Amino acid sequence: MMSDDEEDVHDEYSDDDIDFFEDGALELLVSKTVVVENADGTLRCPFSPNRKKQSYQYKDLLQHADGVAKGKRGAKTAGQHGALSKYLKQHLSAKASPPVQRIHKLDLNAPERKEDMDLLVWPWCGLVYNIDNSQRCEEGQRVGIGNAEIKQFFQAFHPEKATVCWGPTGHMGLAVIFFRRDLEGYKDAQAFEKWFMENGHGRQDWAKANQTKGLGTHLYGWLARKDDYEGRKEIQNDWSISKILKESGDLKDVAMLVLEFNNMQEQRVQNLKDTVTARNEDFQILLHDVEVARRKADNIKLQLEEKHRRELERVKHAAQESTIRHTRIMEEQNLKLQEIRELFHRKCKELEETEQLNQVDKTHLELEKKEEESKNLAHLIQRMTLQLAAKQQAEIERQQVEEIEESQKFAELAESFELSGAATSNAKDLALELNEMRRKLAESEEKSQSLSEDLESGQTTINSLSNKERAANEELEEARKAALEVLVAYPEFGLEDGIYVKNMGQIDNVPWLRECQKRFRKAEDGWEYVFTTKYSIWEEKIKDPEFHCFKNVEVGNDIWERQLDENNKDLLALKKELGKDVLESVVTALKEIEEWNPSGRYPIRAVWNLEENRRATLSEIIGFLSKAAVASTEKKPPAKRRRGGG
């Protein structure tokens, strides 16, 4: 709460702000929700609770209220003190002039009261005499009951403690009983003394019996007073009682103690009153702040409600527009979907018809391709052999021509040196032989050219057949792709034919679930956690290209095959831990990943025949797609049904 000496954090405010706080504070003052009058008739400022002074005369409080209202301590402080000034002027103006004091005087001397004060030992103490101490111990010391027994004996008077007196000869037969320090303790002490007096064993009874030596075995007791506190020399062992009383208490008059108790009680009551008054003031200020906050909250609530109403209307309008737009888009999408379905149906029919033709053509084509390939291969081998032989023959003939040319050169050289006629004859023969060899070489080259052309023609035929086979495979893959998309979107279409999408290279989790539930049902984290952990580890192993579990095995004469290494330590450990079925699921996934995606090592989706556990054939896919197309056309589109209903 801000005191009068503190300034408001907002230096700038308007008269409307002051009027707002002034009206609220004046309403609280008039309704007595905030109190101005003190119990003693003075006045206080309820809006300055932190000021030390909380007791004003009318004039002083009015001056304080006007001064603060005109100051610069914030709109709230100015408004509250302005309301206080108005309230004093309108409702408490009668206190502006204090009433005339009436003075009464008696010309008499006040009487004095003289009386003997009964001084008691405080805290209240009771004395017990003539306790049995006739027995002696082996050392000759007197013995008797102790403190606990004395306290228990007088338990009816609620003593706080008891002290037995001991002297040079041992137990002295005396005890002091201590009571509580309050008025309830005084009542217990009086009851203690009264009990002894009613039984004829009070102070006076003890004095008479002590003079006549006729104490007997009775206990005597009374409240400790001044003579007990100061000690009586004429009474034997009374010094021990005096010593205990002086160590434990003081002499007090009962009236003095009552007055002291009353003063303490009044002080407590006053403290409580002050606390209640202070808390009531805080409560009144809090009520005022709550009222101001409530008004602000009401204003904010009205603003929020109006804002919410406008926002709700905007949202409703936007929702209506969105609904209309969404309906229009859905109708357009449904029309497009219907067109796509009809197109799909036509494509399926065309594909079915093409497949029926292709199935026959494919059979003939495969036979023709095999025969043609065999013929072409044999023809190609023959052609290549002939071409190779022709090349070799041409090379031999070329070498022979070169030898004849060398011989001719030699003959011409010999002729230049005018050798014999035989040499000339040899030169002519070599020339004839050279011409013949050149003719044969030309024929061989012509034959080799013809073989090359035949070889090129055969290669063209082979390429054409390969292209046809590639096109047929592409059509097959397109059909498989279409079937895969349909099965992913509508898995129920393939249930009747046992056709479904299988993830090749993904581990079957059914045996894993079964074995983990059976083997780890008492696991600390639960068998489900064990299954998830171990299954995830093997999923990552299958994807890891560094996980080597295959080996190359020779299956024939220099023929090698890649096989699974069944002695792999990880696979053996898995079989030992989870059994053969789990191992088979992992082995199957490993073989599938090696076959379908050895480079990427992630599962590949394929259209699968469930009953025969193999990849679906083209004819099975065509039959499935035809049924799916028929089933899709039998269902009316939802958009058209809504539009027709409207």
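Throughout, a residue's number is its position along its own chain's written sequence, starting from 1. In view of the model being predicted, local features appear only for residues whose pLDDT reaches at least 70, and side-chain atom pairs are presented and counted only at 80 or more, with totals across whole chains, interfaces and linings using the full set of residues. Derived side-chain values reflect all non-hydrogen atoms in the structure, with water molecules and hydrogen atoms excluded from consideration.

Chemist: How do you make sense of the packing of aromatic side chains when you look at a structure like this?
Modeler: The geometry of two aromatic rings is summed up by the distance between their centres and the angle between their planes. Here is the rule: rings of Phe, Tyr and Trp (six-membered ring for Trp) pair when centre to centre is within 6.5 Å. Planes less than 30 degrees apart are stacked, more than 60 are edge-to-face, and the remainder are tilted. Per the counting criterion, the structure on display carries 16 aromatic pairs. Judged by centre distance (4.8 Å) and plane angle (75 degrees), the ring pair of Trp-195 and Phe-196 falls under edge-to-face. To sit over a ring, a charge needs its Lys NZ or Arg CZ within 6 Å of the ring centre and within 35 degrees of the ring normal. The ring of Trp-122 is capped by Arg-181, whose NZ or CZ atom sits 5.4 Å from the centre of that ring. A cation over a ring is seen here: Lys-502 above Trp-608, with NZ or CZ 4.5 Å from the ring centre.

Chemist: How do you make sense of the sheet that holds strand S12 (residues 604-609) when you look at a structure like this?
Modeler: The strands making up a sheet are joined through hydrogen bonds of the backbone, oriented either antiparallel or parallel. Two strands are said to pair when DSSP picks up at least two bridges between them. Secondary structure elements follow DSSP: runs of H or I of four or more residues count as helices, runs of E of two or more count as strands, with numbering from the N terminus. Strands sit in the order S9-S12-S13 across an open sheet of three strands; the sheet is antiparallel. Whereas interior strands pair on both sides, the edge strands pair on one side only; in this sheet they are strand S9 (499-504) and strand S13 (614-615). In terms of strand pairing, S9 meets S12 through six bridges, oriented antiparallel. The residue of S12 that forms the bridge with Ile-499 is Asn-609. Note on contacts: a residue pair is in contact if any heavy atoms of the two residues lie within 4.5 Å. Axis definition: a line fit to C-alpha positions, over the contact stretch in the case of helices; interaxial angles, taken between N-to-C directions, run 0 to 180 degrees. Against the sheet, helix H14 (residues 580-596) engages S9, S12 and S13, with an angle of about 90 degrees to S9.

Chemist: Hey, could you run me through the packing of helix H11 (residues 510-519) against helix H13 (residues 569-578) in this one?
Modeler: For any two helices packed against each other, one specifies the inter-axial angle together with the distance between the axes. One can describe the packing of H11 onto H13 by two numbers: an axis separation of 10 Å at closest approach and a directional angle of 55 degrees. For the element pair H11 / H13, the angle class is oblique. Residues Trp-512, Glu-515, Cys-516 and Arg-519 of H11 pack against Leu-574, Lys-576, Glu-577 and Leu-578 of H13. Per-class residue counts for the contact of H11 with H13 are four nonpolar, no polar and four charged. In this scheme, roughly parallel covers angles under 35 degrees and roughly antiparallel covers those over 145, while 65 to 115 is roughly perpendicular and the rest are oblique. Classification used: nonpolar for Ala, Val, Leu, Ile, Met, Phe, Trp, Tyr, Cys and Pro, charged for Asp, Glu, Lys and Arg, polar for all others including Gly.

Chemist: I'm lost on a nonpolar patch on the surface in this one. Help?
Modeler: There is a patch of nonpolar side chains on the surface, built from Phe-283, Leu-286 and Val-290 and spanning about 280 Å² of accessible area. Considering the arrangement of structural elements, one finds Leu-286 in helix H9 (residues 254-416). Since its relative accessible area comes to 47%, Leu-286 is described here as partly exposed. Patch rule: a residue counts if its relative accessible area is over 30% and it has no salt bridge; like charges are joined within 9 Å, and nonpolar side chains (Val, Leu, Ile, Met, Phe, Trp, Tyr) within 5 Å. Only the protein chains shown count as covering a residue, and every accessible area follows the Shrake-Rupley method with a 1.4 Å probe. Only one rule defines a salt bridge in this text: a Lys or Arg side-chain nitrogen within 4 Å of an Asp or Glu carboxyl oxygen. Note on exposure labels: buried denotes an accessible area under 20% of the residue type's maximum, exposed denotes more than 50%, and partly exposed covers the range between, all computed with a 1.4 Å probe on protein chains only.

Chemist: Any chance you could explain empty space enclosed by the protein here in plain terms?
Modeler: Gaps between atoms show up when a probe of the same size as a water molecule is rolled over them. Only protein atoms enter the 1 Å grid, on which a cavity is a set of points fitting a 1.4 Å probe that cannot get out and a pocket is an open set with protein on both sides within 12 Å along at least 5 of 7 lines, lining residues being those with an atom within 4 Å of a point. Grid points are joined across faces, edges and corners, and a volume is the space filled by probe spheres set on the points. With the rule as written, the count across this model stands at two cavities of 30 Å³ or more. There is about 60 Å³ of room inside the largest cavity. Taken together, eleven residues make up the lining of the largest cavity; nearest its centre are Pro-46, Phe-47, Gln-80, Ile-285 and His-288. Put simply, the parts of the chain that give the lining of the largest cavity at least two residues each are helix H3 (75-91) and H9. Of all the elements, H9 adds the most residues to the lining of the largest cavity, at four residues. When its residues are assigned to classes, the lining of the largest cavity shows six nonpolar, three polar and two charged.

Chemist: Honestly, unusual backbone geometry in this entry has me stumped. Any pointers?
Modeler: Among all residues except glycine, the phi angle is most often negative; among peptide bonds, the trans geometry is most common. In this model, Trp-122 is joined to Pro-123 through a cis peptide bond whose omega is 5 degrees. Structurally, the position occupied by Pro-123 is in the loop between strand S1 (119-122) and strand S2 (125-129). Of note, the phi angle at Asn-130 is positive, near 65 degrees, even though the residue is not glycine. For Asn-130, the location among the structural elements is in the loop between S2 and strand S3 (135-136). Unlike most non-glycine residues, Asn-613 shows phi in positive territory, near 50 degrees. In this structure, Asn-613 sits in the loop between S12 and S13. We classify Asn-613 as exposed; its relative accessible area is 53%.

Chemist: What exactly am I supposed to notice about the UniProt feature "coiled-coil region" (unreviewed entry) in the chain here?
Modeler: The residues that UniProt annotates with the feature "coiled-coil region" (unreviewed entry) are residues 290-322. Note that residues 290-322 is 100% helix and 0% strand, and that its end C-alpha atoms are spaced 45 Å apart. UniProt positions are given in the numbering used here, feature names are shortened, and annotations may be inferred rather than shown by experiment.

Chemist: What am I meant to see in the nonpolar core here?
Modeler: Considering soluble globular proteins, one finds that nonpolar side chains tend to be buried as a cluster. Within the largest apolar cluster, 22 residues are counted, with the highest numbers of intra-cluster contacts made by Ile-507, Trp-512, Trp-538, Leu-571, Val-586 and Leu-590. Those elements that provide at least two residues to this core are H11, helix H12 (527-543), H13 and H14. In this view, Trp-512 contacts Ile-507, Phe-531, Lys-534, Tyr-535, Trp-538, Leu-574, Leu-578, Val-582, Ser-585 and Val-586; residues no more than four positions away in its chain are not counted. The definition of a nonpolar core used throughout is a set of buried Ala, Val, Leu, Ile, Met, Phe, Trp, Tyr and Cys residues joined through side-chain atoms within 4.5 Å. Core analysis: the second largest hydrophobic core is formed by 21 residues, Leu-120, Ile-131, Ala-189 and Leu-257 among them.

Chemist: It is not clear to me how the side chain of Asn-609 should be interpreted in this structure. Could you clarify?
Modeler: Relative to the assigned elements, Asn-609 resides in strand S12. Any pair of nitrogen or oxygen atoms within 3.5 Å is treated as a polar contact; in protein, a donor-acceptor pairing is required on top of that, and neighbouring residues in sequence qualify only through side-chain atoms on both sides. Among the polar contacts made by the side chain of Asn-609, one reaches the main-chain amide nitrogen of Glu-612 at a distance of 3.1 Å. Residues within four places of Asn-609 in sequence aside, it is in contact with Gly-498, Ile-499, Arg-614, Arg-615, Ala-616 and Glu-620.

Chemist: Just to check I follow, could you spell out the confidence of the model for the chain for this structure?
Modeler: The predictor rates its confidence in each residue with pLDDT, a number between 0 and 100. Here the chain averages 78 in pLDDT, and 77% of its residues register 70 or above. Averaged pLDDT values over the elements of the chain bottom out at 41 in helix H16 (residues 638-645) and peak at 93 in H11. Residue range residues 1-11 is modelled with pLDDT below 50. Its contacts to residues more than four positions away, or to other chains, number 23 contacts. Low pLDDT, under 50, characterises residues 638-646; the predicted model gives this stretch eleven contacts beyond four residues in sequence or across chains.

Chemist: Is there a simple way to explain the pairing of S2 in this structure?
Modeler: As a general feature of sheets, a regular strand has side chains that alternate between the two faces. Of all five residues in S2, five are buried, a share of seventy percent or more. Side chains Cys-125, Leu-127 and Tyr-129 project from S2 onto one buried face, and the interleaved Gly-126 and Val-128 project onto a second face that is buried too. Examined bridge by bridge, S2 and strand S6 (residues 170-178) share four bridges and lie antiparallel to one another. Paired with Cys-125 across the bridge in S6 is Phe-178. Strand direction decides the pairing type here: S2 and strand S7 (residues 220-223), joined by four bridges, are antiparallel. Across the sheet, residue Leu-127 finds its bridge partner in S7, namely Trp-222.

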